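One-letter residues, chain by chain:
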Amino acid sequence: MTLHLFDTATRELRPFVPLDPDGRSVGIYICGLTTQGSPHIGHVRFAVAFDVLRRWLERGHGYDVTLVRNVTDIDDKILTKAADAGRPWWAWSYRHEQETSRALDLLGVLPATYEPRATGHVTEQVELVETLVDKGHAYAAQDGSGDVYFDVRSWPDYGSLTRQRLEDMEPAGDADPRGKRDPRDFALWKGHKEGEPETASWPTPWGRGRPGWHLECSAMARKYLGDAFDIHGGGVDLRFPHHENEQAQSHAAGLDFTNFWLHNAWVTVKGAKMGKSLGNALAVTELTRTVRPLVLRFYLGAVHYRSVIEYAEGSLTEAAASVERIEGFLGRALEELGVAAAEVVAESRALPVDEAFPEAFRAALDDDVNVSEGLAVVFGAIREGNRSLESGTGGDAVSGGALRHTVLQVVAMLDVLGANPLDERWGGGPGEDDQAGEVLAALVQDRLDARARARADKDFATADAIRDQLTALGVVIEDTPAGARWALR
């Protein structure tokens, strides 16, 4: 099967072929967060979406993926918010960088191969500006501000990514327009202004200053992935002006830049893009105080990356029910098969691709990473597995082998989606909680045995009381022909 991805630049599904001559390595650059505040679920959707793509490239196609996710640790908003809070800008930025890292880790996002900060790559950015000036595509402002601008009229292809005509564009609002030749010219470098911290500037041929937002990504992508790389991703709101400007300045500097542009859609509330005006309620670290991180991960990753996620009351309840359904099946199946979670995970990850993933799942993920269709395959497999368990045939040699294969495939598919409950990250593998889990299982089973005896004696009041007690404690009971089974809510 061939992976096809929707390229925003061409607006079509294109077969994905790595630029690497050996066809083994893939380079991905995704725009990380600006560390001006605490991340909410709208901010981190991009990370979950591209985490699934990365996992599929690695597990489904065997590519060696280098993923670069930058940290924009200096910009106007960071300086303003830090000043308002009476904090050094770098301390303010670092605090929110740490919060972002914790949020992504909570959601099971794999660590980036490299996570460069903008402030750590000033040399590369200055060199890129010098190249653009030498080629006639950039100029220093004549007002003595120290600003350096990209000359959009010098690059006829400007606007091609978002298919806009220069004449229809609004003026760039990233710097004082008095030093610009054209109001749509954007800032590559920003001269140091009165009142700004001296520490937020670096010496350059044009005077002290700091990088413009767009410049940072072009320079860091080039350093870690080379002049040409496979995929550049980010939120759909970054297409213009950020990605349009990145592409223009990189191409004007003589770089091939990216082969594919991929953009994920927003998380919305009542049809509007989620924003900071909603306060702290939807911050990742706040939500995960009451919602399991696995449930939040499942919620953010269950929709096709180019489709909008509309957040509403009850959204996470539905996600929790889906996760419980998955956990219920896996828990019952592992008990029936008499195998440990860690053993199943290891065996699943060792399977060849064509054995680990049903053909329908591979087709779904190869179709622009269609996780919605992929999940339909997951739940179809779970239905088949549950039928085997309910019929009581899961333990015989033939059916037991089929059940085990189903479990291995379910685990493999969920691994790719980053939502495998048996993964040690989510507490499903070996760890410090093993003994506690064994004790809990023994205590619950003791109560289930007592309930079974009460039902046999036709003491239904006692049986119902035991069930109600377990339900109140978060234990879900399912009566099957093979006996009562349980799972945690």
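Residues numbered from 1 in each chain as written. Predicted model: local features only at pLDDT ≥ 70, side-chain atom pairs only at ≥ 80, totals over all residues. Heavy atoms only, no water.

> What am I meant to see in the pattern of salt bridges here?
Two side chains of opposite charge can pair, provided their charged atoms sit close to one another. For the structure shown, the criterion picks out 33 salt bridges. Of the charged contacts in the structure, one is a salt bridge between D76 and K190, with a shortest N-O distance of 3.0 Å. One end of the pair, D76, is in helix α2 (residues 76–85); the other, K190, is in strand β7 (residues 186–191), and 114 residues separate them in sequence. For D76, a relative accessible area of 36% gives the class partly exposed. Overall, the relative accessible area of 11% leaves K190 in the buried class. The closest approach of N and O atoms between R153 and D182, which form a salt bridge, is 2.7 Å. (Salt bridge = Lys/Arg side-chain N within 4 Å of Asp/Glu carboxyl O. Helix = DSSP H or I, 4+ residues; strand = E, 2+ residues; numbered from the N terminus. Buried < 20%, exposed > 50% of the residue type's maximum accessible area, 1.4 Å probe, protein only.)

> Is there a simple way to explain helix α8 (residues 293–301) in this structure?
Along an α-helix, residues three or four apart share an orientation, since each turn contains 3.6 residues. In terms of residue burial, α8 counts as a mostly covered element, since eight of its nine residues are buried. Residues L294, V295, L296, R297, F298, Y299, L300 and G301 constitute the buried set of α8. Taken together, the buried residues of α8 touch α1 (41–60), β11 (267–269), α7 (284–287), β13 (309–311), α9 (315–337) and α13 (371–391). (Contact = heavy atoms within 4.5 Å.)

> Is there a simple way to explain the sheet that holds β13 in this structure?
Pairing between the strands of a sheet comes from backbone hydrogen bonds, and it takes one of two forms, parallel or antiparallel. Here three strands make up an open sheet; going across it, the order is β12-β11-β13 and the pairing mixed. Of all strands in the sheet, those with a lone pairing partner are β12 (272–273) and β13, marking the two edges. (Pairing = 2+ DSSP bridges.)

> Whenever I open this one, the sheet that holds strand β8 (residues 209–211) confuses me. Can you help?
The sheet built from four strands is open, its strands ordered β5-β6-β7-β8 with antiparallel pairing. The sheet is open, and its two borders are formed by β5 (138–140) and β8, each paired with just one other strand. This sheet shows a mean twist of 20° between the axes of neighbouring strands, independent of strand direction. Across three bridges, β5 lies against strand β6 (residues 148–150) in antiparallel orientation. Across the sheet, Y139 pairs through a bridge with Y149, a residue of β6. Helix-sheet contacts for helix α4 (residues 122–134) involve β5, β6, β7 and β8, and the interaxial angle to β7 is about 125°. Sitting on the sheet, helix α5 (residues 213–225) touches β7 and β8, and the angle it makes with β7 is about 100°. (Axes fitted to C-alpha atoms, helices over the stretch in contact; angles between N-to-C directions.)

Nothing here speaks to function; it is geometry throughout.
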